[in-house]
Amino acid sequence: MSSKSAEVIVIGAGTMGAAAAWALARRGVDVIAIEQFGYYNKMASHGGHTRIFRHCYFEGEKYVPWTLEADRLFSELQDRTGLELQIRVGCLDIGTPENGHAKLARATAIEHNLPYEMLTGKDVNERFPGWNVPEDFEACLDPDGGVLRVENVFTAFRREIDAAGGRIVENQKVLGWEATDDGVTVTTADGVYTGKQLIITAGAWAGKVLSDLHLPLQVTRKPVMWFEVDDMNTFAPRNFPPFIIDCDIQHFYGLPAVAPDSLKMGIHSDMNVVDPDNFQREVQPEDMVPEFVEFIGSMLKGAHARTSMTSMCMYTMTPDEDFIIDRHPQHANVAIAAGFSGHSFKFATVIGEHLADLATDPSVAGKPAFAVGRFS
Ligand SMILES: Cc1cc2nc3c(=O)[nH]c(=O)nc-3n(C[C@H](O)[C@H](O)[C@H](O)COP(=O)(O)OP(=O)(O)OC[C@H]3O[C@@H](n4cnc5c(N)ncnc54)[C@H](O)[C@@H]3O)c2cc1C
């Protein structure tokens, strides 16, 4: 194969593109993944150092088999590379009795026979001293959840891609692509890449790279903040597992202080729609919205509404907040993965394998829940 041809071309070597290249390369498939920025960059949707993984899944029980399989694949990758990818300290879904957030997580645990513990707000405060939630709140503790270390995941993927002869092309924006029954072409400023199959994993730019499909995607601006705390140990992973809380102020998520960083939090539910090529990428003083100040002041102990570090990220939302992973409706040799709606990092390994299946085995079908056709 020439330097610009491969069996499979991947557009976008972010989370899912790197994972697809990793899965393909390990199968011995010749793959080139083309990335407009650097590999593991701060411009896309995988910045901010850490991600939550969990098995009890309030978003829907259909995700649970994938949470388990993705976890297994991450564990194996961790063992093979010796890199710390997972910090398994549990994960808390916290809600009011009325909004039922914790019960939704519990329902998926019951359905799939997963371990879980239901706690009251009082239990949470006693067990995890950084919390000060109302005593009648309820929480579902998923003991097998925890924190994924993003940079190490990218390093692990890259190590195995390189070892298997896969190629990552950095700092080349894809300007266009075409597919016919004979193969695919992908154009960058550096020339034309050719392949038999194409995978498009363009994250927040999916709407632009797949403009032919008019996908109902909305890119939202997501400031990420690390907060000053009195005692790092109170917010260390063992003492303060990652959480998602629906507390009638907002829907927040947070991750413990994974050294050298402090306590990290963001708002999951706000919808500030932007253009990924043109928006305010610096976190502004007004991003510390009153809801954040209220949440930190009333629900946490020993944390302050002052940031020690910030970064910017983007969600790419679908109307139903479920993913799009499918073959392109007009091109059987093009697989697409988009619209990850702020909750997909934990699935990267299994989605990489699924994309590799779609690209190499015509008999494999996409999952109906993630079909692109559900919006038409
Ligand atoms: C603040 C925040 C917190 C999150 N927390 C969690 C969490 O706790 N748990 C969890 O599971 N998930 C979480 N997520 C979601 C998860 O990180 C994302 O859903 C996931 O990273 C998206 O992967 P992706 O491959 O679609 O996008 P990206 O990782 O952004 O990759 C897309 C890549 O395509 C490249 N690209 C685009 N267009 C082109 C082009 N024309 N040419 C070449 N390259 C191109 C981009 O530069 C980018 O690198 C969070 C997301 C954010 C923003």
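Conventions used here
- Residues numbered from 1 in each chain as written.
- Predicted model: local features only at pLDDT ≥ 70, side-chain atom pairs only at ≥ 80, totals over all residues.
- Heavy atoms only, no water.
- Salt bridge = Lys/Arg side-chain N within 4 Å of Asp/Glu carboxyl O.
- Helix = DSSP H or I, 4+ residues; strand = E, 2+ residues; numbered from the N terminus.
- Buried < 20%, exposed > 50% of the residue type's maximum accessible area, 1.4 Å probe, protein only.
- Domains from an automatic or database assignment.
- Contact = heavy atoms within 4.5 Å.
- Buried area = accessible area lost by both parts, 1.4 Å probe.
- Axes fitted to C-alpha atoms, helices over the stretch in contact; angles between N-to-C directions.
- Parallel < 35°, antiparallel > 145°, perpendicular 65-115°, else oblique.
- Left-handed = near helix turned anticlockwise from the far one by under 90°.
- Disulfide = S-S within 2.5 Å.
- 1 Å grid on protein atoms, 1.4 Å probe; cavity = no way out; pocket = protein on both sides within 12 Å on 5 of 7 lines; lining within 4 Å.
- Points joined across faces, edges and corners; volume = space filled by probe spheres on them.
- Nonpolar A, V, L, I, M, F, W, Y, C, P; charged D, E, K, R; others polar.

Moving on to the pattern of salt bridges. Throughout the structure, instances matching the rule amount to 23 salt bridges. A salt bridge links R149 to E84; the nearest nitrogen and oxygen atoms lie 2.8 Å apart. Of this pair, R149 sits in strand 8 (residues 146-149) while E84 sits in the loop between helix 2 (64-81) and strand 4 (86-87), and the two are 65 residues apart along the sequence. Overall, E84 belongs to the partly exposed group, its relative accessible area being 38%. For D162, the salt bridge is made with R158, and the minimal N-O distance between the two is 3.2 Å.

According to the domain assignment, the protein chain contains domain 1 (8-46 + 151-214 + 320-375) and domain 2 (91-143 + 218-317). Placing a centre on the C-alpha atoms of domain 1 and another on those of domain 2 gives a separation of 30 Å. Each partner contributes to the interface: domain 1 provides 15 residues, whereas domain 2 provides twelve residues. Taken together, both faces of the contact between domain 1 and domain 2 bury some 1,100 Å²; the carbon and sulfur share is 50%. When residues of domain 1 are sorted by the area they lose upon contact with domain 2, A204, K208 and S341 head the list and together hold 36% of the total. In this assembly, domain 1 and domain 2 are joined by two salt bridges. Where D275 meets K208, a salt bridge forms, and the shortest distance between an N and an O atom there is 3.0 Å.

As a packed pair, helix 1 (residues 15-26) and helix 8 (residues 348-360) sit with axes 7 Å apart at the nearest point and diverge in direction by 60°. In terms of orientation, helix 1 and helix 8 fall into the oblique class. Judged by the twist between their axes, the crossing of helix 1 over helix 8 is right-handed. Between helix 1 and helix 8, the residues in contact are T15, M16, A19, A20, W22, A23 and L24 and A348, T349, I351, G352, E353, L355, A356 and T360, respectively.

Considering all chains together, one arrives at zero disulfides under this definition. Left unpaired, C91 is separated from the closest cysteine sulfur, that of C56, by 8.4 Å. Overall, C91 belongs to the buried group, its relative accessible area being 1%. Free of any disulfide, C140 has its nearest cysteine sulfur in C56, 4.3 Å distant. On the basis of relative accessibility, which here comes to 0%, the residue C140 falls in the buried class.

Looking at the second largest pocket, its volume works out to about 340 Å³. Lining the second largest pocket are 14 residues; nearest its centre among them are K42, G48, T310, S311 and M312. The leading source of residues in the lining of the second largest pocket is strand 18 (residues 303-317), at four residues. Here the residues of the lining of the second largest pocket are counted per class, giving five nonpolar, six polar and three charged. Looking at the lining of the second largest pocket, you find at least three residues from each of domain 1 (8-46 + 151-214 + 320-375) and domain 2 (91-143 + 218-317).

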